[in-house]
Amino acid sequence: MSIIKVENLSRRFGAVTAVNDVSFEVDEGVIFGFLGPNGAGKTTTINILCTLLSPTSGRASISGHDCSKDPAEVRRSIGIVFQDTTLDKDLTAYENLMFHAYLYGMKRADMKKLIHDALYFAGLFERRNDLVKKFSGGMKRRLEVARGLLHRPKVLFLDEPTLGLDPQSRANLWEFIVKLPRKHNVTVFMTTHYMEEAEVCDRIAIIDNGEIVTMGTPDELKKTMGGDVVYLKTTDNKKAARDIAKLFNLSVSEKDNELYFTTSRGDACIPEIIKATGDTVLSVRLQRPTLNDVFLKMTGKEIRDSDVSSDDTIKETVRAYRRRFGRS
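Residues numbered from 1 in each chain as written. Predicted model: local features only at pLDDT ≥ 70, side-chain atom pairs only at ≥ 80, totals over all residues. Heavy atoms only, no water.

Undergrad: Can you explain the overall build of the protein chain? Please cite residues and give values.
TA: For the protein chain, the count of helices and strands is 13 helices and 14 strands. Along the first, second and third principal axes, the C-alpha set of the protein chain runs to 75 × 45 × 35 Å. In the protein chain, buried positions account for 51% of the 328 residues. The contacts in the protein chain between residues at least 6 apart in sequence include a share of 70% that link residues at least 24 apart. Each charge class in the protein chain can be summarised by its mean position, and for the 49 positive and 45 negative side chains these summaries are 4 Å apart. (Helix = DSSP H or I, 4+ residues; strand = E, 2+ residues; numbered from the N terminus. Buried < 20%, exposed > 50% of the residue type's maximum accessible area, 1.4 Å probe, protein only. Contact = heavy atoms within 4.5 Å. Lys, Arg positive; Asp, Glu negative; His and termini not counted. Charge placed at Lys NZ, Arg CZ, Asp CG, Glu CD.)

Following this line, the structure appears as structure tokens:
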């Protein structure tokens, strides 16, 4: 059953079309990944779903509530964790969650138990009375996720949840995130530019230039590559590309002075390639299809660390959140 439905959604800012006729659905109880470079339309789409922006055309709904016509019900149905922290660093972990509980009008009789449960789940109960400014980046992220779950939302939005974290903190946070659908009966809608993180998603949509270019499970997307990817460096890439294309009747591309092509029999063709190109071969490697290969094939580019949203975009999103939800 679909809990998020997006139909022919578009959003324009003057002459710029940020989201162009996008349609997709997200099933209940899954982790849904939204992949795309900076400027692709990810943040704009999420802001519409979170009622922070209105669409120019089309419609979006969450749990049966129209994001434009019934924003109050949508807000009650969702939790949000932005790229930039929105925690109050001069409050304790407990006080941050208490503030959120008041903001959502939760019953006072339920607050203490729900806050304690959230802190236990985040592994922060023993630090509940510590000021947030003393927390590590990973601890702050876990607290923000716990805060987003406090009012028992049906959908939790995570915008680049591990951005800026060290590898160990990222791994720990992901152990935490993958348990959310089962333990909290919540659908997770996340964006990330880390391809290895997208592997844990049940379903992925790749968006570029405001349009969804492909969608499916990680395995389904990788199967579209048609086989293994062979990478080759030679002393004469142009000649090698011609020889390989003629020998195997396939298309050869080049990126960063390295040839690459896709074949269903990567292991078998490498000896033939070396034989055909002779002493010109500098290096050759075989790679099973990855989501990065899929992204490269579909968009003609890779997602790099610099492709995440700019500080200005993050700050504007946080300001919109505070205006909508009444926080000064």
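Having seen it, we continue.
Undergrad: Hey, could you go over the pattern of salt bridges for me, with residue numbers and the actual values?
TA: Scanning the model with the defined rule gives 13 salt bridges in all. Glu7 is the partner of Arg59 in a salt bridge, and the nearest nitrogen-oxygen pair spans 2.7 Å. Pair noted here: Arg59 is in strand β4 (residues 57-62) and Glu7 is in strand β1 (residues 2-13), with a separation of 52 residues, a long-range link. What makes Arg59 partly exposed here is its relative accessible area of 36%. For Lys255, the salt bridge identified is with Asp256, shortest N-O distance 3.6 Å. Judged by its relative accessible area of 26%, Lys255 falls in the partly exposed class. Because the salt bridges share partners, they merge into one network encompassing Glu7, Arg59 and Asp66. (Salt bridge = Lys/Arg side-chain N within 4 Å of Asp/Glu carboxyl O.)

Undergrad: Let's hear about the pairing of strand β10 (residues 211-216): which residues, and what values?
TA: One ladder, built from five bridges, connects strand β9 (residues 203-208) with β10; its direction is antiparallel. Across the sheet, the residue bridging to Ile204 is Gly216, located in β10. Hairpin connection of β9 to β10: two residues between the antiparallel strands, including Asn209 at a positive phi of 55°. (Pairing = 2+ DSSP bridges.)

Undergrad: Outline the sheet that holds strand β5 (residues 65-66), listing residues and values.
TA: Pairing is antiparallel across the open sheet formed by four strands, whose spatial order is β2-β1-β4-β5. Both outer strands of the open sheet, β2 (16-27) and β5, are each paired with one neighbouring strand and no more. Where β1 and β4 come together, five bridges link them in antiparallel fashion. Bridge assignment links Lys5 to a residue of β4, and that residue is Ser61. Where helix α1 (residues 42-49) meets the sheet, it contacts β1, β2 and β4, and its direction lies at approximately 120° from that of β1. (Axes fitted to C-alpha atoms, helices over the stretch in contact; angles between N-to-C directions.)

Undergrad: Break down the sheet that holds strand β11 (residues 228-234) for me, with residues and values.
TA: Strands sit in the order β12-β13-β11-β14 across an open sheet of four strands; the sheet is antiparallel. For this open sheet the edge positions go to β12 (253-255) and β14 (281-287), each flanked by a neighbour on one side alone. Sheet twist, expressed as the average angle between the axes of neighbouring strands with direction ignored, equals 25°. Relative to strand β13 (residues 258-263), β12 runs antiparallel, the two being bridged by three bridges. By the bridge assignment, Glu254 is partnered in β13 with Leu259. The strands touched by helix α10 (residues 237-248) are β11, β12 and β13; relative to β13, the strand with the most contacts, the crossing angle is about 15°.

Undergrad: I'd like a description of helix α5 (residues 137-149), backed by residues and values.
TA: Here α5 spans 19 Å end to end across 13 residues, near enough to the 18 Å set by a 1.5 Å rise per residue. For α5, a buried count of 12 out of 13 residues is recorded, marking the element as mostly surrounded by other parts of the structure. Buried residues of α5: Gly138, Met139, Lys140, Arg141, Arg142, Leu143, Glu144, Val145, Ala146, Arg147, Gly148 and Leu149, and no others. (Expected span 1.5 Å × (residues − 1).)

Spatial relationships are all this shows, so hold off on functional conclusions.
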